[in-house]
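In case you want the letters, here they are:
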Amino acid sequence: MEYKKILHGLDGSEGSFKALEHAVGLANRYDAELHTISVEEVPHYPGTVGEVVEAKQAANGTYAKAMQRARQMAQEQGIELQCHVLVGHEVKTIVELIKERGFDLLVIGFMGHSRLYDRVMGSTCQGLVRLAPCAVLVVK
Amino acid sequence: MSESPWLLAALWVGLALLASMISIRTAISVALIEILVGAVAGNLIPWVGTLIGMPAKLEPTPWINFLAGFGSILLTFLAGAEIEPDALKKHWKPALVIGFVSFLIPFLGAMAAAYWLLRWSMAASMIAGIALSTTSVAVVYAVMVETGLNTQDIGKLILACCFVMDLGTVLALGVGFANYNGWLVLFLGVSAALMPFAPNLTRHFLHHYEGQVSEPEIKLMLFMLFILGGLAAKANSEAVLPAYILGLVVAGELRHHKETVYHIRVAVFALLTPFYFLKAGALIQGSAIAQGALVILLLLLVKVAAKVLGVYPMAKFFRMDNRISMYTTLLMSTGLTFGTISAMFGLSRNLIDSSQYSTLVVVVIASAVVPTLIAQKWFQPQHELSEETANGV
């Protein structure tokens, strides 16, 4: 099995950077394109427009720093990282991008929520493993 | 409850903190979570108090009422100030028509349903009509941002329509229940005199004082809001009316001063709106919801059906295709902040009772969630993935 287009999920957490190390390694081994996606989730059912604006600005700041670090990590291994920032629901948006761009591997970090949270809300990892139309590597 | 204001403040701020944490974890708006936390605490605290033999209530005191009222005024001001004047100018004709009709038909529909089907009083029915005619600009805006439509013409048109609808709501609250006396004349006179000068005055203050630690430009806006709000209250009108209009009037100036808007938002979200939304929730009676489930369902259906009747034909008239027409209609069926403001206005003036208030607020919350889900699931317009390529970041 060879991977030609790899997508990595970047949320700024240490888990996602750990996953990036694996993604960079795989991209090198298979000479594959490496992309990273960050999804800004705006609050659902907001009471004010300001709430949405602030959330978006906060996410922009976080992702700008995370992408700079990610790009540097990839460059050090001789890989050119293509970054995408999209707005929307994390799982839905990542799945749509995979379908639209034809990625054949998704690499994500494990997000450690509490058991109760995962039971009630369902985790992003679970959602992606279930719905992604390609192979998924979850790095723990 | 303890009589110490600090302990009481700690309880309310503690609930606000809990709501913030839940909101961050779930990505659901803090406003909605605050209402829900307020509702749970408002119903749970008396029950627990009875259980342990210590009667207690999450009852708003006069100072909590003041902070909540102040919060609603500033929320309304910010709602007005968030408009894009250029978009409104560009789309003023369809925005005015769609916005007005989609306010009027749900207003009349919900009022008629409350009056004839539920046998509410005329005043209570009017409050129901106003509360259920609202559209949440914020909910619409969030969906627009998610779909990338906020940067397209159709998105700007929908948002402009929502602003017109909100204007209808504040006008109805401000004019519908006012006393037609000398105070009203004075209020209208001072408003008419102040509004034309407000943009220049604001521009002058922003130009000379923005960045000063004492924030004179924000104090100027508060001063104008309090003067107009105070006169409106004297006329038994509603302070949110001048607040919204003042927001609209100075929106063009504030657009270039994001730092000042940010400072206002910080103060509002951290200090004032938690009291407003928690109070809105705390006044909901759990028992009234259980007993009035069918009424809630009926009013929700009336709201959505009336919006379909009001908005859909207008959207078609302005040559939107079926999918976008239905999408627009459903988004305009959403409500939240202005709906709760209307319901609380009715409760505070004894135009509706606690049970009617609970019913209306639950319908308003349901209308923020249900139409959005349907719109996104079945009617979301096809669009290119709205990508903000980050390669230059």
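Structure's up top.
All of these numbers come straight from a predicted model, not from anything done at the bench.

Colleague: Outline the overall build of chain A, supporting the account with residue identities and numerical values.
Modeller: Within chain A one finds five helices and five strands. Reading chain A from its N end, one meets helices and strands in the order β-α-β-α-β-α-β-α-α-β. The globule rule puts the C-alpha radius of gyration for 140 residues at 14 Å, and the 15 Å found for chain A is close to it. Projected onto its principal axes, the C-alpha positions of chain A cover 50 × 30 × 30 Å. Considering chain A as a whole, with its 140 residues, one finds that 43% of them fall into the buried category. Contacts in chain A between residues far apart in sequence, at least 24 positions, make up 74% of those at least 6 positions apart.

Colleague: Give me the overall build of chain B: which residues, what numbers.
Modeller: Helix and strand counts for chain B come out as 18 helices and one strand. Its C-alpha atoms give chain B a radius of gyration of 21 Å, near enough to 21 Å, the size a compact globule of 393 residues would have. Overall, chain B is about 60 × 55 × 50 Å in size when its C-alpha atoms are taken along their principal axes. Buried positions account for 52% of the 393 residues belonging to chain B. Here the analysis covers contacts within chain B between residues at least 6 apart in sequence; of these, 79% occur between residues at least 24 apart.

Colleague: Quick one: what's the story with the nonpolar core, residue by residue and with numbers?
Modeller: Grouped together as the largest cluster of nonpolar side chains are 172 residues, with contacts concentrated most on Ala-110, Ala-128, Val-140, Tyr-141, Cys-161 and Tyr-244 of chain B. The contacts of Cys-161 of chain B, once residues within four sequence positions are left out, are Ala-95, Ile-98, Gly-99, Ser-102 and Met-332 of chain B.

Colleague: Lay out the interface of chain A and chain B in plain terms, naming residues and giving numbers.
Modeller: Taken together, the contacts link 28 residues of chain A with 35 residues of chain B. Only helix H2 (49–76), strand S3 (81–87), helix H3 (90–101) and helix H4 (115–121) of chain A provide two or more residues apiece to the side of chain A that touches chain B. When residues in the side of chain A that touches chain B are grouped by element, the largest group, eight residues, is from H2 of chain A. Partitioned by chemical class, the residues of the side of chain A that touches chain B number 15 nonpolar, seven polar and six charged.

Colleague: Please set out the pairing of strand S2 (residues 33–40) of chain A residue by residue, giving values where relevant.
Modeller: If a strand is regular, its side chains alternate between the two faces of the sheet. Residues and elements named next belong to chain A. Among the eight residues in S2, seven count as buried, and that is most of the element. Bridge analysis of strand S1 (residues 5–9) against S2 gives five bridges, and the strand direction is parallel. Counted as the bridge partner of His-8 is Thr-36 from S2. Taking the sense of rotation as the criterion, the β-α-β connection linking S1, helix H1 (residues 14–30) and S2 turns out right-handed. At this point the chain moves from S2, through H2, to the parallel S3, and the crossover so formed is right-handed.

Colleague: Describe the environment of Pro-313 of chain B, and please don't skip the residues or the numbers.
Modeller: All names here are of chain B. For Pro-313, the position within the fold is in helix H15 (residues 293–317). Accessibility expressed as a C-beta count within 10 Å gives 15 for Pro-313, which makes it partly exposed. It is 34 Å that separates the C-alpha atoms of Pro-313 and Ala-280, two residues lying 33 residues apart in sequence.

Colleague: Talk me through unusual backbone geometry; I want residue IDs and the actual numbers.
Modeller: Most peptide bonds are trans, and most residues other than glycine sit at a negative phi. Residue and element names in this part refer to chain B. With a phi angle near 60 degrees, Ala-27 is a residue other than glycine that sits in the positive phi range. On the secondary structure map, Ala-27 appears in the loop between helix H1 (5–26) and helix H2 (30–51). C-beta crowding within 10 Å serves as the criterion here: with 14 such atoms nearby, Ala-27 is assigned to the partly exposed category.

Colleague: Could you give an account of the packing of helix H6 (residues 122–133) of chain B against helix H17 (residues 337–348) of chain B, with specific residues and numbers?
Modeller: All names here are of chain B. Viewed as axis vectors pointing N to C, H6 and H17 meet at an angle of 165 degrees, and their least axial separation amounts to 8 Å. Classed by the angle they form, the pair H6 and H17 counts as roughly antiparallel. The hand of the H6/H17 crossing is right-handed. Between H6 and H17, the residues in contact are Ala-124, Ile-127, Ile-130, Ala-131 and Leu-132 and Gly-339, Ser-342, Ala-343 and Gly-346, respectively. Grouping the amino acids of the contact of H6 with H17 by side-chain chemistry returns six nonpolar, three polar and no charged.

Colleague: Please provide a residue-by-residue account of H2 of chain B, values included.
Modeller: In this model, H2 of chain B (22 residues) spans 30 Å end to end at C-alpha, consistent with the 32 Å of a helix rising 1.5 Å per residue. Turning to H2 of chain B, its buried residues are Val-30, Ala-31, Leu-32, Ile-33, Glu-34, Ile-35, Val-37, Gly-38, Ala-39, Ala-41 and Gly-42 of chain B. Where H2 of chain B is buried, its residues contact H2 of chain A together with H1, helix H13 (258–282), H17 and helix H18 (354–378) of chain B. Where H2 of chain B terminates, the next one or two residues include Gly-53 of chain B, which has phi positive at roughly 75 degrees.

Colleague: Mind laying out the packing of helix H9 (residues 182–194) of chain B against helix H11 (residues 216–234) of chain B, listing which residues take part and the relevant values?
Modeller: Residues and elements named next belong to chain B. Two elements in contact, H9 and H11, have axes separated by 7 Å at closest approach and are oriented at 155 degrees. As summarised for this structure, H9 and H11 are arranged roughly antiparallel, according to the angle between their axes. Note that H9 runs across H11; the crossing there is left-handed. Note on element contacts: H11 touches H9 through Met-224, Ile-227, Leu-228, Leu-231, Ala-232 and Lys-234, opposite Trp-183, Leu-186, Phe-187, Val-190, Ser-191 and Leu-194. A class-by-class count of the residues in the contact of H9 with H11 yields ten nonpolar, one polar and one charged.

Cut-off values and rules
Residues numbered from 1 in each chain as written. Chains lettered and ligands numbered in written order. Predicted model: local features only at pLDDT ≥ 70, side-chain atom pairs only at ≥ 80, totals over all residues. Helix = DSSP H or I, 4+ residues; strand = E, 2+ residues; numbered from the N terminus. Rg over C-alpha atoms; globule rule 2.2 N^0.38 Å. Buried ≥ 20, exposed ≤ 12 C-beta atoms within 10 Å, placed from the backbone. Contact = placed C-beta atoms within 7 Å. Core = buried A, V, L, I, M, F, W, Y, C linked by C-beta atoms within 7 Å. Nonpolar A, V, L, I, M, F, W, Y, C, P; charged D, E, K, R; others polar. Pairing = 2+ DSSP bridges. Right-handed = clockwise from strand over helix to strand, strands pointing away. Axes fitted to C-alpha atoms, helices over the stretch in contact; angles between N-to-C directions. Parallel < 35°, antiparallel > 145°, perpendicular 65-115°, else oblique. Left-handed = near helix turned anticlockwise from the far one by under 90°. Expected span 1.5 Å × (residues − 1).

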